[in-house]
Amino acid sequence: MEVRLLLLVFICLHALHWAASAQQPEEATVIVKGSTKIAETNKNYICATIDWWPPEKCNYNQCPWGQSSILNLDLDHPFLAQAIQAFDNLRIRLGGSLQDRVVYDVGTNSPCTPFTNMSNGLFGFSDGCLSMDRWDKLNALFQKTGAIITFGLNALYGRYNVRRSFWAGKWNSTNAYNFVKYTISKGYPVDSWEYGNELSGHGIGARVDATLYGKDAIELKSIFQQLYKAPLSQPSLLAPGGFFDQQWYTQLLQTSGHGVVSALTHHIYNLGGGNDAHLIRKILDPKYLDRSEDTYRDMQLTLQRHGTWASAWVSESGGVFNNGGELVSNTFINSIWYLDQLGMASKYNTKVFCRQTLIGGHYGLLDTQTFLPNPDYYSALLWHRLMGREVLSVDINAPPRKLRAYAHCRKQQQGITLLLINLSNTTGYNVTLQNDINVSLDKTASLHKHNSFSHSLRRAVSWLGRKPSSDVARREEYHLTAKDGDLQSKTMLLNGAPLELSDDGGVPAMSPALVAVNSPVYLAPTSIAFVVLPMFEAKAYFE
């Protein structure tokens, strides 16, 4: 008995010491302006890519692509279909650096050969070929899973390299024409065709003049009008799938003219190369993250001034270029970058955000070898299920700018969903939520401050699903943290429990914790939370 008593005293003293030494959470207030929307995304905002890279694509003595390209991906792997189906119509963009060297094996007399290493080829590879048998098999997967397809067409076919990276000459549209015609004949519902990849501005590997590009867009639009007989069946034409250059993009719009290009597409790789030793530091630096906001803003302004008929898409974004960062892009820490970019881009009327990749490289939502989801897969799925189209403005009062917040109307239901991201690895936040329409969700909550460590400890326990009494209004909370506190863990925890596939490859339920609506949200250091407020009054939802 005495031994037990001494042990209990020791445990209590140890807990008190730990509590005293732990850093107190900061108080923060997030005011959601539900009176009007500031932007709107497409219904299928979340998008993922499948690339052309063969296994021989290597950087920094790493070759992480394996069998994950459009040409060799195992389309029958059971995890793949289930991962796509979980999104209920996931948009998939087929494209990447080598798309401008792809020949479509329809109406050609040349043998259909894969990409091979070639020292003087674009990006070190020869031309490659997409057989129609492979295209048929890809579409069987897409139709089975309900995927929405964007396909990137070859914009260099028929052109020639003049000097350095500059390409000139007329685009030969014959191969693209035959490929689109074949696609229509088979009844494959391609939602949109993207013209070219990273040929804008100074280009990556190759570049094309904006005026020439605009004339090509007119020709491609004409092909759609010829081949798609019913006007309403015509797919969208996207361009240029490159890095944003304001002057070049403006010239493209002015040359192609009204109604030709449906969406201006651009790429975001704002963290550096895969061998950058400072990737984690950049992800947790609010000043560094904010740099990409200028790109979204400038794209929005370009469309407002020169192309009001078009919208903005991010058609490729891996954060880290050259295959992604090993043990960064495929671990928990990357979800902080990814979700922050999703929130930031949506504020500037970005309609679609395509993640590089669904599978392939270090930045795949799925592991290239096992097809198991990486943490960002679950982050993308939660966004897709919880964040609606209407984007709301948010004011944050929290020192020292380490708290990020984004708000949307709730997905297809009344209320809002708030995304909270804590960039601090030492400080947690007690976040009081307010509405600019009625000032506070609960007047007593805004007056009552929870400063004690014991309160934050109780809030952490509530992640595990402790339900408030039935007579209290409730909200849903989805807290995402790294297993064992390791930011480079490949296992993500939801409300304290690991997210793992079932034995048959099924995606876990991802149920929320139910919490009294009048209590602050406790956001742990370097963690993420989706907070659903069903009773939040947001007039923007009814606009």
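Residues numbered from 1 in each chain as written. Predicted model: local features only at pLDDT ≥ 70, side-chain atom pairs only at ≥ 80, totals over all residues. Heavy atoms only, no water.

The name given to the protein chain in an unreviewed UniProt entry is Heparanase-like protein, and the organism recorded there is Oryza nivara. Here the protein chain is described in UniProt, under the heading Sequence similarities (unreviewed entry), as follows: "Belongs to the glycosyl hydrolase 79 family." UniProt, in its Function (unreviewed entry) section for the protein chain, records the words "Endoglycosidase which is a cell surface and extracellular matrix-degrading enzyme. Cleaves heparan sulfate proteoglycans (HSPGs) into heparan sulfate side chains and core proteoglycans." (UniProt positions renumbered as here; feature names shortened; annotations may be inferred.)

Draft legend 1. Broad picture of helix α5 (residues 210-227). Taking 1.5 Å as the rise per residue, α5 with 18 residues should run 26 Å; its terminal C-alpha atoms sit 26 Å apart, in good agreement. Looking at the buried positions of α5, the neighbouring elements they touch are β6 (148-153), α4 (174-185), β9 (190-195), β10 (236-242) and α6 (246-256). For α5, the capping residue at the N-terminal end is aspartate 209, with a side-chain oxygen 3.0 Å from the backbone nitrogen of threonine 211. (Helix = DSSP H or I, 4+ residues; strand = E, 2+ residues; numbered from the N terminus. Expected span 1.5 Å × (residues − 1). Contact = heavy atoms within 4.5 Å. Polar contact = N/O pair within 3.5 Å; in protein donor to acceptor, adjacent residues only side chain to side chain.)

Draft legend 2. Region of the structure containing the packing of aromatic side chains. The full count for this structure, using the stated rule, is 26 aromatic pairs. For the ring pair phenylalanine 151 and tryptophan 193, a centre distance of 5.6 Å and an interplane angle of 65 degrees mean the geometry is edge-to-face. With phenylalanine 151 in strand β6 and tryptophan 193 in strand β9, this residue pair connects regions lying 42 residues apart in the sequence. For phenylalanine 151, a relative accessible area of 0% puts it in the buried group. Taken together, a centroid distance of 5.0 Å and an interplanar angle of 55 degrees make the contact between tyrosine 195 and tyrosine 213 tilted. Linking tyrosine 195 in strand β9 with tyrosine 213 in helix α5, this pair joins segments that are 18 residues apart in sequence. With a relative accessible area of 0%, tyrosine 195 lands in the buried category. On the basis of relative accessible area, tyrosine 213 is assigned to the buried category, the value being 0%. (Phe/Tyr/Trp six-rings, centres within 6.5 Å; stacked < 30°, edge-to-face > 60°. Buried < 20%, exposed > 50% of the residue type's maximum accessible area, 1.4 Å probe, protein only.)

Draft legend 3. Highlighting the confidence of the model for the protein chain. Within the protein chain, residue pLDDT values average 90, and 88% of them lie at 70 or more. Here residues 1-22 is modelled with pLDDT under 50, and outside its nearest four sequence neighbours on either side it reaches four contacts, counting other chains as well. The low-confidence segment residues 443-469, where pLDDT is below 50, has 47 contacts with residues more than four positions distant or belonging to other chains. (pLDDT = per-residue confidence, 0-100.)

Draft legend 4. Up close: the pairing of strand β18 (residues 416-422). When you tally the buried positions in β18, you get seven out of seven residues, the bulk of the element. Pairing between strand β17 (residues 403-410) and β18: seven bridges, direction antiparallel. Looking across to β18, one finds that cysteine 409 is bridged to isoleucine 416. Between β17 and β18, which pair antiparallel one after the other, the connecting turn spans five residues, and glutamine 412 there sits at a positive phi close to 55 degrees. Looking at chain direction, β18 and strand β25 (residues 528-533) are connected through six bridges and run antiparallel. (Pairing = 2+ DSSP bridges.)

Draft legend 5. Just the state of the cysteines, in detail. A full pass over the atoms with the stated rule returns three disulfides. Disulfide pairing is shown between cysteine 47 and cysteine 354; the S-S distance is 2.1 Å. Here the S-S torsion is close to 85 degrees, and the disulfide linking cysteine 47 with cysteine 354 is therefore right-handed. Remark: cysteine 354 occurs in strand β15 (residues 350-355) and cysteine 47 occurs in strand β2 (residues 46-50); sequence separation between them is 307 residues. With respect to burial, cysteine 47 and cysteine 354 carry one shared label: buried. The disulfide partner of cysteine 112 is cysteine 129, and the S-S distance across this bridge is 2.0 Å. (Disulfide = S-S within 2.5 Å.)

Draft legend 6. Up close: the nonpolar core. Core analysis: the biggest nonpolar cluster contains 127 residues, and Ile92, Leu130, Trp135, Phe151, Phe179 and Phe530 have the highest contact counts within it. Residue contributions to this core peak at eight residues, all from helix α10 (residues 333-346). A domain split of this core shows at least three residues from each of domain 1 (23-38 + 396-439 + 471-541) and domain 2 (41-389). Residues Val30, Leu403, Ile416 and Val431 belong to the second largest nonpolar core, which totals 22 residues. (Core = buried A, V, L, I, M, F, W, Y, C linked by side-chain atoms within 4.5 Å. Domains from an automatic or database assignment.)

Draft legend 7. Fine view of the sheet that holds strand β3 (residues 91-94). What the eight strands build is a closed barrel, ordered β2-β3-β6-β9-β10-β11-β13-β15; its pairing is parallel. Averaged over all adjacent pairs, the angle separating strand axes in this sheet is 30 degrees, with direction ignored. Looking at chain direction, β9 and β10 are connected through three bridges and run parallel. Pairing of glutamate 194 across the sheet is with leucine 238, part of β10. Each of β6 and β9 touches α4; the most contacted strand, β9, lies at about 170 degrees to it. (Axes fitted to C-alpha atoms, helices over the stretch in contact; angles between N-to-C directions.)

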